[in-house]
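This is what each chain is made of:
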Amino acid sequence: TATDNWHSSQARTRTVAEVRAVLDMIAQDLRQAVATTNFPITIDHAPASYGSTNSAIQFVQILPASGTNQYAIAAIRYDVLGSNNTFRLIRWKEPLPLDASGTLPGTITDSQPFGTPASLADGLAAFRIAAPAEAGIIPAGARVPPYLDIYLELLGDEDRRAAAGLSGTPQLQFVERHALRFSQRVFLPTVNRWNLP
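What comes next concerns the included structure. (Residues numbered from 1 in each chain as written. Predicted model: local features only at pLDDT ≥ 70, side-chain atom pairs only at ≥ 80, totals over all residues. Heavy atoms only, no water.)

What follows is about the side chain of Arg 160. Tracing the backbone through its elements, the reader meets Arg 160 in helix α2 (residues 157-164). Apart from the residues lying within four places of it in its own chain, the contact partners of Arg 160 are Thr 86, Asp 122, Gly 123 and Leu 155. (Helix = DSSP H or I, 4+ residues; strand = E, 2+ residues; numbered from the N terminus. Contact = heavy atoms within 4.5 Å.)

Now the structure itself:
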């Protein structure tokens, strides 16, 4: 019993460390995001997992290009991918080229093509992005909320395997009892730092 408890404690510690690292990555990306009419922050609510609470978020990240007076731009997307009755959080980062004159592209939309995703967390039970008094697209600098709340629910390795063997209501009840829940509030820039249209 003592050995089982020790293994369980170690597994829980690994899961907590994994989730904290993922939340920190999302927060860092969002702090470097820009939201304008041409470059919206888009929050999609598309059920993909055990419940109907999963989200996807897409936005543009703009940084000064090193050693120049131009910008480097990338489209970022966090989403949920499911297969074989298990789910994981994935992240796409797609660098976007400047045009021939060195200016930013006109508009980035949800149909923007992305490259190969990076898997961040397996055993995902829920991923939610909440914006105060906002839903869907956050397009204009004046409408960017002061913060976004990120919620993650994750199953440990053993619980993930057990949940994969269930379906329907028993699976939902199992996930509800065993998922570890985490949240983080990310404060967004209140001004358009890039002086973009």
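Moving on to the sheet that holds strand β9 (residues 147-154). The three strands lie next to each other as β7-β9-β10, forming an open sheet whose pairing is antiparallel. In this open sheet, the two strands that pair with only one neighbour each are β7 (124-130) and β10 (180-187). Going from strand to strand, the sheet's axes swing by 10 degrees on average, the running direction of each strand aside. Inspection of the sheet shows β9 paired to β10 by eight bridges, in the antiparallel sense. Paired with Ile 150 across the bridge in β10 is Gln 184. (Pairing = 2+ DSSP bridges. Axes fitted to C-alpha atoms, helices over the stretch in contact; angles between N-to-C directions.)

Moving on, we get to the environment of Ser 183. Locating Ser 183 in the fold gives a position in strand β10. Spatially, the C-alpha atom of Ser 183 lies 7.0 Å from that of Asp 149, the residues being 34 residues apart in sequence. Ignoring sequence-local partners within four residues, the contact set of Ser 183 consists of Arg 20, Leu 23, Ile 150 and Tyr 151.

This paragraph deals with the pairing of β7. With five of its seven residues buried, β7 lies for the most part within the structure. Pairing geometry for β7 and β9, over six bridges, is antiparallel. Each residue of the ladder has a partner; that of Ala 126, found in β9, is Glu 153. (Buried < 20%, exposed > 50% of the residue type's maximum accessible area, 1.4 Å probe, protein only.)

Okay, the pairing of strand β3 (residues 56-64) next. Most of β3 is tucked away, with seven of its nine residues classed as buried. As defined by bridge partners, strand β1 (residues 33-34) adjoins β3 across two bridges and the pair is classed as antiparallel. The residue bridging Ala 33 from the neighbouring strand is Gln 61, located in β3.

Looking now at helix α3 (residues 168-178). Within the span of α3, buried status applies to Gln 171, Phe 174 and Val 175. Along the axis of α3, the buried positions cluster into a sector of 95 degrees, meaning they face one direction only. Opposite the buried face of α3, by more than 90 degrees, sit the exposed residues Thr 169, Glu 176 and Arg 177. Summarising the contacts, the buried residues of α3 are in contact with β7, α2 and β10. (Arc of directions from axis to C-beta.)

Attention now goes to the environment of Ala 72. Relative to the helices and strands, Ala 72 resides in strand β4 (residues 71-83). For Ala 72, a relative accessible area of 37% translates into the label partly exposed. Note: C-alpha distance between Ala 72 and Ile 62 (10 residues apart in sequence) is 5.7 Å. Among all residues touching Ala 72, those that are not within four sequence positions of it are Gln 61, Ile 62, Leu 63, Pro 64 and Ala 65.

Moving on, we come to the side chain of Asp 149. As for its placement among the helices and strands, Asp 149 is situated in strand β9. Judged by its relative accessible area of 11%, Asp 149 falls in the buried class. With near-sequence residues (within four places) excluded, Asp 149 lies in contact with Arg 128, Ile 129, Ala 130, Gln 184 and Arg 185.

The next point concerns the nonpolar core. Among the nonpolar cores identified, the biggest contains 30 residues, and Leu 30, Ile 57, Leu 89 and Phe 127 are the most heavily contacted of them. Ranked by residues supplied to this core, first place goes to helix α1 (residues 2-31) with six residues. Those residues in contact with Ile 57 that lie beyond four places of it in its chain are Leu 30, Ile 41, Thr 42, Ile 43, Ile 76, Arg 77, Tyr 78, Ile 129 and Leu 148. (Core = buried A, V, L, I, M, F, W, Y, C linked by side-chain atoms within 4.5 Å.)

The analysis is restricted to geometry; functional conclusions fall outside its scope.
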